[in-house]
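# Overview (structure and organization)
Given next are the chains, with one letter for each unit.
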Amino acid sequence: MVFSLKVILFLSLPLLPVLKSSWITLNNNGYDGIVIAISPSVPEDEKLIQNIKAMVTEASAYLFYATKRRVFFRNVSILIPMTWKSKPEYLMPKQESYDQADVIVADPSLKYGDNPYTLQYGQCGEKGKYIHFTPNFLLTNNVPIYGTRGKVFVHEWSHLRWGIFDEYNEDQPYYISRRNTIEATRCPTHITGANVVLNCKKSRCITRPCRRDSKTGLYEANCTFIPNRSQTAKDSIMFMQNLDSVTEFCTEETHNTEAPNLQNKICNHKSTWDIIMRSEDFQDLSPMTEIKSPPHPTFSLLKSKQRVVCLVLDKSGSMAAEDRLFRMNQAAELYLIQIIEKGSFVGMVTFDSYAQIQNNLIKITNDTTYQKITANLPQIPDGGTSICRGLKAGFQAISQSNQSTLGSEIILLTDGNDNQISSCFEEVKQSGAVIHTIALGPTAERELETLSTMTRGHRFYAHNDINGLIDAFSRISSRSGSISQALQLESKAFDIPKKKWVNGTVPVDSTIGKDTFFVVTWTIQKPEIILQGPKGKKYTTSDFKEDKLNIRSARLRIPGIAETGTWTYSLRNNHAQSQLLTVTMTTRAKSPTTLPVIATAHMNRNTAHYPSPMIVYAQVSQGFLPVLGINVTAIIENEDGRQVTLELWDNGAGADTVKNDGIYSRYFTDYRINGRYSLKVHVQARKKTARLSLRQQQNKALYIPGYVENGEIILNPPKPKVKDNVAEAEIDDFSRLTSGGSFTISGVPPNSNSSQVIPPGKIVDLEAKFQGDRIQLSWTAPGKVLDKGRADSYIIRISKYFRDLQQDFDKAALINTSGLIPKEAGSVENFGFKPGYSKIENGTTFYIAIQATGEASLTSEVSNIAQATKFISPPKPSSPDLGTNISAISFVIFGLALISYIF
């Protein structure tokens, strides 16, 4: 059964934005180029724009003082969706788009979720992807719960821009300090409050002091920290930005290194201000001591336009090699028929030493319009390579059709060298167009990707096979946040011996099925084709349309909505010798109100120098909800055609920052040659293992339950919660395939061996607890090379003092691990030992950390520091308090408009 999203999701929610490269710049202490985009699904509301402006204006001043007069917001663009009416003040965007915005305004995933949050899954100090605000958050008074919108924006901006993390932990709200006291997970520790259990029924809440849990020594599970309204602490913005006194970030002097929060885990117990000051923004940046307050931000209102795309295709003589011209035509035709959205304007230019406009812009209105373009695809490769002439002709084809090059897209495909390419870089910048580049084969111009980088376009590398080209074209979809973009379900190549069959299956889930195409290509002779639907309906070779222009491809458009379930295909090579056959299947969302599962992929950066590792990321989601429990496989191919396959993990270890957030990742270190590499990710959910996570996002502004004022607890409406039995939901089996673009490796020596230069990965999830008089440890095994292979051994050290392990790990007491043999990377390790101390009393605390060793005496970084406290249940439960004693028995509920209780 598919989990029904009707109760939980706003069905008009657009797809999540994909990988972007922010164009924010910092000039003379002011941030320029910030893009805030409103989703096409959000109803038109002028107040929304006004409140965005007010939020950013307030945030700019708050940020200025929080960074000790260093930075503020200068220029901000607000991107208005096409679904809103046009107004004279709305300007035309350049490369700004919804899918690359820094801040998005869209409906929430959950009916009970207006929490502002930042999509952030990089390492410490790495920029986030985007901030998400809901319209309701921007239109409703949420000050008692979150603080002012300006303060919340600065909290989220700190995630986005500087890669710092929250200093609270809703999953572990309390811990036992080194002083053997129970502390709320917070920074700094001198933020005071009360610890109470709330029992709310209708309009009345009864509270009582928290009791200690007899097993853990911590407060009971429902204990909540209620802060005092009046505080003296100025920090920290990453804990409770809502407090009036909080205007700064935690520094080295005030940072709580013990708190079990993401900031300590991911940033190695460094303070948020330390990480901020190490960012590129603050290198050689002096405070603006001469001014009292920053100038107000300037806002530009930009309105999205209809999609305009021009294909700029290489037909030079080198395209004759490896059947490149023919394969380019096959992929371009697939793009025009199956990928480009109806209503888009499309043109085409071909080039060799010169360029020719084959088609000015044509509006794709029906299933035959594309034929006007495919009829002019080049058939004879000849001549040299002039990329600049091709681009200029592309600009001309757009402008001659009464369209602006601003915000238009060019898909540039070439296999050739052109040492004059830099001569048109300035013209490309001035055009305002987005250039997507596809480098075909190993000899394609090395500066090609510069065009993509300077214009916010995608960059792809395809070896000589057709699949790489199809995958690249399939990835270049709408940038508007539309739910109707094409989704790739299958892309496989088979080298089939003579007279042999090959079989395969593709699941079609209930969220998709519109405009479903099944395409087969071949190199010598058309194969026999059988495609069977879940209910037994068969399509055979005669049902497939063989294109007159490209005689080596056959296409079937499945009528209506493709049936939900597993589709089976069989191909038979009827030729007397083996040949290469490919299968491609694409589809779209079943309806404009049906949210499909989508997958996006990218590397953490576009270039790397040996032996610096890279990280592969894949995000799998339905709307804004993470999809868990699936197989995610990355295929990385270099210019020699050699492929490396990596299983990506969402286990919160190694390269993966947060467990079960729908972000699957893995280190990539298998550098064999210099040059371009391509990334493709295949996502599969089989045997009903996929689950949809309904939990709240991490890296968000904290929902404040209430405040203590004058000895009385004044409560906000309780935070809506996901019930335990619906925290996750089953979804259909599905398959998705997506290209993650290309990246470049340099400095690879001959016969390189990464295990000789790259150590094992850092252990980040070490846990420790007492079982009787023994300490039991558990962690995720690293590899010999980061998260690949098997480490040689472990070094475990213990101390009664946290700083011993943090500051001088090698001098702490060593635990005997002679019988501990490391497991394969990604496995769960368990190890128990008895501390070598004569007497262990109630409340005795130990701190433990681990290093893994590999070849050439390489050792990992020291792990996170785990804590184990010996706790013996007292005869009677104790109820110590934090900071403030609450004597009053009466409690007040502070009500907010548009927020109601859920019982």
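Described in the following lines is the structure provided in the data block. Residue positions are counted from 1 within each chain, in the order its sequence is given. Local features in this predicted model are restricted to residues of pLDDT 70 or higher, and side-chain atom pairs are both shown and tallied only at a pLDDT of 80 or more, whereas totals for entire chains, interfaces and linings draw on every residue. Side-chain numbers here rest on the full set of heavy atoms in the structure, without hydrogens or water.

### A look at the overall build of the protein chain
Only DSSP runs of H or I with at least four residues qualify as helices, and only runs of E with at least two residues qualify as strands; both kinds are numbered from the N terminus onward. Each helix and strand counted, the protein chain has 14 helices and 50 strands in total. For 903 residues, the compact-globule formula gives about 29 Å, and the C-alpha radius of gyration of the protein chain, at 29 Å, lands near that figure. Expressed along its principal axes, the backbone C-alpha trace of the protein chain runs to roughly 85 × 70 × 60 Å. When accessible area is computed with a 1.4 Å probe and restricted to protein chains, residues below 20% of their type maximum are described as buried, those above 50% as exposed, and intermediate ones as partly exposed. Counting only residues that meet the buried cut, the protein chain has 59% of its 903 residues in that class. Here a residue-residue contact requires only that any non-hydrogen atoms of the pair lie within 4.5 Å. A separation threshold of at least 6 residues defines the contact pool for the protein chain, and within that pool the share at least 24 residues apart is 76%. Computed with the Shrake-Rupley method and a 1.4 Å probe, the accessible areas treat only the protein chains shown as cover for residues. Carbon and sulfur atoms make up 48% of the accessible area of the protein chain, which amounts to about 35600 Å² in all. By the counting rule applied here, Lys and Arg register as positive and Asp and Glu as negative, while His and the ends of each chain are not counted. By convention, charge coordinates are those of NZ in Lys, CZ in Arg, CG in Asp, or CD in Glu. Counting 99 positive and 87 negative side-chain charges, the protein chain places the centres of these two groups 4 Å from one another. Our radius of gyration is a C-alpha quantity, and the globule rule it is checked against amounts to 2.2 Å times the number of residues to the power 0.38.

### Considering the nonpolar core
If you look at the biggest cluster of nonpolar residues, it comprises 71 residues, and the most contacted ones within it are I38, F153, W157 and F249. When sequence neighbours within four positions are dropped, the list of residues in contact with F249 reads A66, V154, S158, W162, I164, D235, S236, I237, M238, T272, W273 and I276. Working definition of a nonpolar core: buried Ala, Val, Leu, Ile, Met, Phe, Trp, Tyr and Cys residues. They are joined through side-chain atoms within 4.5 Å.

### Details of helix α13 (residues 466-475)
A turn of α-helix holds 3.6 residues, and therefore any two residues three or four places apart point the same way. Counting buried positions along α13 yields ten of ten residues, so the element is predominantly enclosed. For α13, the set of buried residues is I466, N467, G468, L469, I470, D471, A472, F473, S474 and R475.

### Focus on the pairing of strand β33 (residues 625-628)
Of the two faces of β33, both are covered, the one formed by L625 and V627 as well as the one formed by P626 and L628. Paired strands, in this sense, are two strands between which DSSP finds at least two bridges. As defined by bridge partners, strand β32 (residues 614-622) adjoins β33 across two bridges and the pair is classed as antiparallel. Counterpart to Q622 in the pairing with β33 is L625. Once β32 ends, the chain turns through two residues before running back antiparallel as β33, passing G623 with a positive phi of about 65°.

### Concerning the state of the cysteines
Any two cysteine sulfur atoms within 2.5 Å of one another count as a disulfide. Under the counting rule described, the total for this entry stands at four disulfides. Here C187 connects covalently by a disulfide to C250, the sulfurs 2.3 Å from one another. For the disulfide bridge between C187 and C250, the dihedral angle about the S-S bond is near -125°, and by the sign convention the bridge is left-handed. With C187 in the loop between β10 (182-184) and β11 (193-201) and C250 in the loop between α5 (237-240) and α6 (262-266), this residue pair connects regions lying 63 residues apart in the sequence. Given the relative accessible area of 0%, C250 is considered buried.

### Some thoughts on the environment of G468
The topology assignment puts G468 in helix α13. On a C-alpha basis, the gap between G468 and T744 in space is 16 Å, while along the polypeptide they are 276 residues apart.

### Some remarks on the sheet that holds strand β42 (residues 734-746)
Pairing is mixed in the open sheet, where five strands are placed in the order β31-β42-β37-β34-β35. Looking along the sheet, the strands with just one partner apiece sit at the ends: β31 (607-609) and β35 (643-648). Taking the axes of each pair of neighbouring strands and ignoring which way they run, one obtains an average angle of 30° across the sheet. Here strand β37 (residues 675-685) runs beside β42; their pairing, made up of eleven bridges, is antiparallel. The partner of L679 across the bridge, within β42, is G741. Angles run from 0 to 180 degrees between N-to-C directions of axes, and those axes are lines fitted to C-alpha atoms, restricted for helices to the stretch in contact.

### Considering the pattern of salt bridges
We define a salt bridge as a side-chain nitrogen of Lys or Arg found within 4 Å of a carboxyl oxygen belonging to Asp or Glu. Taken as a whole and assessed by the stated rule, the structure comprises 34 salt bridges. A salt bridge links E280 to K127; its shortest N-O distance comes to 2.8 Å. Here E280 is found in the loop between α7 (272-278) and β14 (298-303), whereas its partner K127 is found in the loop between β7 (117-119) and β8 (130-133), with 153 residues between them in sequence. K127 gets classed as partly exposed once you look at its relative accessible area, which sits at 35%. When salt bridges with common partners are traced through the structure, they connect R642, D670, R672 and K788 into a single cluster.

### Considering the packing of aromatic side chains
Each aromatic ring pair is summarised here by two numbers: the centre-to-centre distance and the angle between the ring planes. The pairing test for Phe, Tyr and Trp rings, Trp by its six-membered ring, is centres within 6.5 Å, and the orientation test on the planes gives stacked under 30 degrees, edge-to-face over 60, and tilted for anything in between. Overall, the coordinates contain 30 aromatic pairs when judged by the stated rule. Look at Y121 and Y617: their rings are 5.0 Å apart centre to centre, the planes differ by 65°, and that puts the pair in the edge-to-face class. Residue Y121 is located in the loop between β7 and β8, and its partner Y617 is located in strand β32; the two are separated by 496 residues in the primary sequence. The interplanar angle of 50° and the centroid separation of 5.5 Å between the aromatic rings of F518 and Y569 together place this pair among those described as tilted. In this pair, F518 is assigned in strand β23 (residues 512-522) and Y569 in strand β28 (residues 565-572), connecting sequence segments 51 residues apart. The same class applies to F518 and to Y569, which are both buried. Among the aromatic residues, ring-to-ring pairing joins Y31, F73, F133, F137, Y146, F153, W157 and Y703 into one connected group. Across the ring face of F225, the terminal group of R186 is positioned such that the distance to the ring centre comes to 5.7 Å. Lysine NZ or arginine CZ positioned within 6 Å of the ring centre and within 35 degrees of the ring normal marks a charge as sitting over the ring. Looking at R666, its charged tip hangs above the ring of W649, at a distance of 3.7 Å from the centre.

### Quick look at the side chain of T67
Relative to the helices and strands, T67 is located in the loop between α1 (46-66) and β4 (72-73). For this analysis, a polar contact is any N or O atom pair within 3.5 Å, provided that within protein one partner can donate a hydrogen and the other can accept it, and provided that sequence-adjacent residues contribute only side-chain to side-chain pairs. Within the structure, T67 has its side chain in polar contact with the backbone oxygen of L63 (distance 2.8 Å). A distance of 3.3 Å separates a polar side-chain atom of T67 from the backbone nitrogen of V71. Excluding its chain neighbours within four sequence positions, the residues that come into contact with T67 are W162, W273 and F282.

### Thoughts on empty space enclosed by the protein
Site definitions follow a grid-based scheme: protein atoms alone, a 1 Å grid, a 1.4 Å probe that fits but cannot get out for cavities, and for pockets an open set with protein on both sides within 12 Å along at least five of seven lines, plus lining residues having an atom within 4 Å of a point. Grid points are joined across faces, edges and corners, and a volume is the space filled by probe spheres set on the points. Evaluated as defined, the whole model comprises ten cavities of 30 Å³ or more. Of the voids in this model, the largest cavity is the one considered here, and its volume is about 200 Å³. Taken together, 16 residues make up the lining of the largest cavity; nearest its centre are Q485, A486, L487, A599 and T738. Contributions of two or more residues to the lining of the largest cavity are made by α13, β21 (487-496), β30 (597-603) and β42. It is β42 that contributes the most residues to the lining of the largest cavity, four residues altogether. For this classification, Asp, Glu, Lys and Arg are treated as charged, while Ala, Val, Leu, Ile, Met, Phe, Trp, Tyr, Cys and Pro are nonpolar and the rest, including Gly, are polar. Split into classes, the residues belonging to the lining of the largest cavity amount to six nonpolar, seven polar and three charged.

### A word on the packing of α1 against helix α4 (residues 149-162)
Here α1 crosses α4 at 70°, and the two axes come no closer than 8 Å. With respect to α4, the axis of α1 lies roughly perpendicular. Across the interface between the two elements, N51, M55, V56, E58, A59, Y62 and L63 from α1 touch R149, G150, K151, F153, V154, W157 and W162 from α4. Residues belonging to the contact of α1 with α4 are distributed by class as follows: nine nonpolar, two polar and three charged. An angle below 35 degrees is read as roughly parallel, one above 145 as roughly antiparallel, one from 65 to 115 as roughly perpendicular, and any other as oblique.

### Examining the pairing of β8
The alternating pattern of β8 places Y130 and H132 on one face and I131 and F133 on the opposite face, and all of these are buried. Relative to β8, strand β6 (residues 103-105) runs parallel, the two being bridged by three bridges. Counterpart to V103 in the pairing with β8 is I131. For β7 and β8, the ladder comprises three bridges, and the chain directions are antiparallel. Paired with Y117 across the two strands is H132, which belongs to β8.

### Structural notes on unusual backbone geometry
For the bond running from C187 to P188, omega is 0°, close enough to zero to count as cis. Between Y610 and P611 the backbone carries a cis peptide bond, its omega angle lying at 0°. By secondary structure assignment, the location of P611 is in the loop between β31 and β32. Residues other than glycine seldom take positive phi values, yet N751 does so here, at roughly 55°.

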